Structures are given as structure tokens and as C-alpha cells.
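# Close look at the chain arrangement
If you want the building blocks of each chain, they are given just below.
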Amino acid sequence: MDIEDLRTFVEVADAGGVSPAARRLGVAKSIVSRRLLRLESELGVQLLARTTRGSALTEAGVTFRDHAARVCAEIDVARETILPAGELRGRLRIAAPLTFGPTLLAPVFAELARRHPLLHVHASYNDRFVDIVGDGFDCAVRVGYLTDSNLMARRVGPIHGALVASPDYIREHGAPETPDELLTHQALMQGTETWQFVDGERTISVHPQGRFKADNGTALAVAAVAGLGIAWLPHCLVGDHLASGALIPVMTRYPAPTAGLFVVRPPGQHPARKVRVLTELLIEHFG
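Residues numbered from 1 in each chain as written. Predicted model: local features only at pLDDT ≥ 70, side-chain atom pairs only at ≥ 80, totals over all residues. Heavy atoms only, no water.

### Some thoughts on helix H1 (residues 3–15)
Here H1 spans 18 Å end to end across 13 residues, near enough to the 18 Å set by a 1.5 Å rise per residue. The set of residues buried in H1 consists of Asp 5, Leu 6, Arg 7, Thr 8, Phe 9, Val 10, Glu 11, Val 12 and Ala 13. Between the side-chain oxygen at the start of H1 and the backbone nitrogen of Glu 4 there is a gap of 2.6 Å, and the oxygen is on Asp 2. Backbone geometry just downstream of H1 places Gly 16 in the positive-phi region, at approximately 90°. (Helix = DSSP H or I, 4+ residues; strand = E, 2+ residues; numbered from the N terminus. Expected span 1.5 Å × (residues − 1). Buried < 20%, exposed > 50% of the residue type's maximum accessible area, 1.4 Å probe, protein only. Polar contact = N/O pair within 3.5 Å; in protein donor to acceptor, adjacent residues only side chain to side chain.)

Listed below in C-alpha cells is the structure:
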């Protein structure tokens, strides 16, 4: 059996169909279908039940999926064992934040592809919190304060931020001096997050309220400049606005804890070498 046929079948099983698997693999649907048919012919069983509404694994397909995934994983480990210093090959799917991924992370991904010409680097930029395992990513780069999960995370660098507001907002509403005062102001947020601030040895948690929300940090920076409220944003997004005076730091006596830049991967004893190399490159840039 061809290893690419096995990998393709695993992608179809995990993605839930031929079309999403083709998008993950970056190939035409016809290629995915051809590989599946070739594998089914080799095995002599039907792995996928095709209907007008889509496709689903047969009983044989469900059983075979776990075996195929283990074979693919063993092949990857074997390659890395015998060629520890060789060229990276295959495909690396990375989920990255849209807010500053294209500006800060894209150069690192491009450098990874430049150093390893046989590696296919597929980056997906989205501020949505993606399901790494369910969506078929090898890893994700995430920013902030990570919550507990069964995923493996490696911190690759710090992210410093500031609580900011425009001069117009401060003239009209004043500037909060304490976390309690912040609750009387309009907060610009991505959702219903909790903001944290450092007061000596203790950390204060605040649940701010506001009428303007956006799932993108750049959009929140624009809203802050427009005078709609107070936002906590990374320096990389507001540095120019702070330099020009369009935004002003507020509540500086209570700084926010330093956030982190993390590489997150599915659980497993050892990360794939391509994920390790990406992690090392990010540490080289941001550590």
C-alpha cells in the first residue's frame, strides 16, 4: 500500500469527507478520490460509503482508520530516527492568529520554508479558537494566557501589552485609576474575557463590560483610536498609536501580567521534528 494513500484516507476520516480533506491536503478532490479508490482496491473492501449527501466511513473504514493512522505515525518516527539531521519533508499545517500573524509570524513561516525547500508549509490565519486535532493541524501558534487542556504547549516568547484609550475618550469619561474604576468604563473586547492586573504580589481579575466587541485585535485598536472605549492590546498593535499620541496608556499603576506566545500541539510523547524546528525558529525570533 502507498503511504500517501494511507495518509489521504486518514485525512478523509478525520475531516469528515473528501472535500474538506482535499482542502486540508491542498490537492484536488479528484486526487483524493483516486487515492481512496486505489486503497480500497488494494484492500478489497469499501472504506467510504458515498451518498448524494456526502460520505461516511463504513464499519471496515472505522476499524482501518486507527491502524492506518498508527502506520503513518510510525513511518514519520522512523524517518526522523534515521535522518535526524536530514531535510524536513512532508506538510506542516499551522493555525495562527489573524490579528498579527501575517505581520509577525508570516516572516518566520517563510524563513522555515526557505531553509527547508522540501517542506510544504500551510498556514491558516484566523482569530477563531481552532480545534487543532479536529481541524487537522500539526500545531497552532497562540497568544495570551493558556487555559488547562490536554494539548501540549511550549512558550516561545513574551507578549507585552498595555491598557489604552484615546485622548478624546479620556477627556469625556476620564481615565480609570484602579481595577474597580475600570468597571464603570466602556471596555473594547473580543468576547467576555477576564482582564488581569498585577498589584504587588497579588493578581486582580476584572470582568469588564462594553458594547463594542470584535474578534480581531486590529479592529479593537481602531475602535480605541475612535474613542469608543478602553482596550488591552499587545504593544505590537498599538506601538505606532502610542508614539503618535492617538492612544494613551491608562491605569499604569496596575500593569497586566506578561502574556506569552505559545506553540500548541496535539498530545503525544514526542513532537514531530517539523514542529520542533518551527518552535526553535520562533524562539530564535521572539525568545
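### Here we look at the sheet that holds strand S12 (residues 230–234)
One open sheet holds the 5 strands; their spatial order is S11-S8-S12-S7-S13, and the pairing between them is mixed. Taken across any chain shown, the strands that pair with only one partner, and hence form the sheet edges, are strand S11 (212–213) and strand S13 (248–249). In the sheet, strand S7 (residues 161–165) pairs with S12 via 4 bridges, with the strands oriented antiparallel. When the bridges of S12 are listed, Leu 163 appears paired with Trp 232. Contacts from helix H9 (residues 235–244) reach S7, S12 and S13 within the one sheet, and its direction differs from that of S12 by about 115°. (Pairing = 2+ DSSP bridges. Contact = heavy atoms within 4.5 Å. Axes fitted to C-alpha atoms, helices over the stretch in contact; angles between N-to-C directions.)

### Thoughts on the packing of aromatic side chains
Within this structure, the stated rule accounts for 2 aromatic pairs. Measuring from centroid to centroid gives 5.7 Å for Phe 9 and Phe 64, while their planes differ by 40°, and the two rings are tilted. Residue Phe 9 is found in helix H1, and its partner Phe 64 is found in helix H4 (residues 59–82); the two are separated by 55 residues along the sequence. The buried category is assigned to Phe 9, whose relative accessible area is 0%. For Phe 64, a relative accessible area of 17% gives the class buried. Taken together, a centroid distance of 6.4 Å and an interplanar angle of 35° make the contact between Phe 109 and Tyr 125 tilted. Note that Phe 109 is positioned in helix H5 (residues 101–115) and Tyr 125 in strand S4 (residues 119–125), a separation of 16 residues in sequence. (Phe/Tyr/Trp six-rings, centres within 6.5 Å; stacked < 30°, edge-to-face > 60°.)

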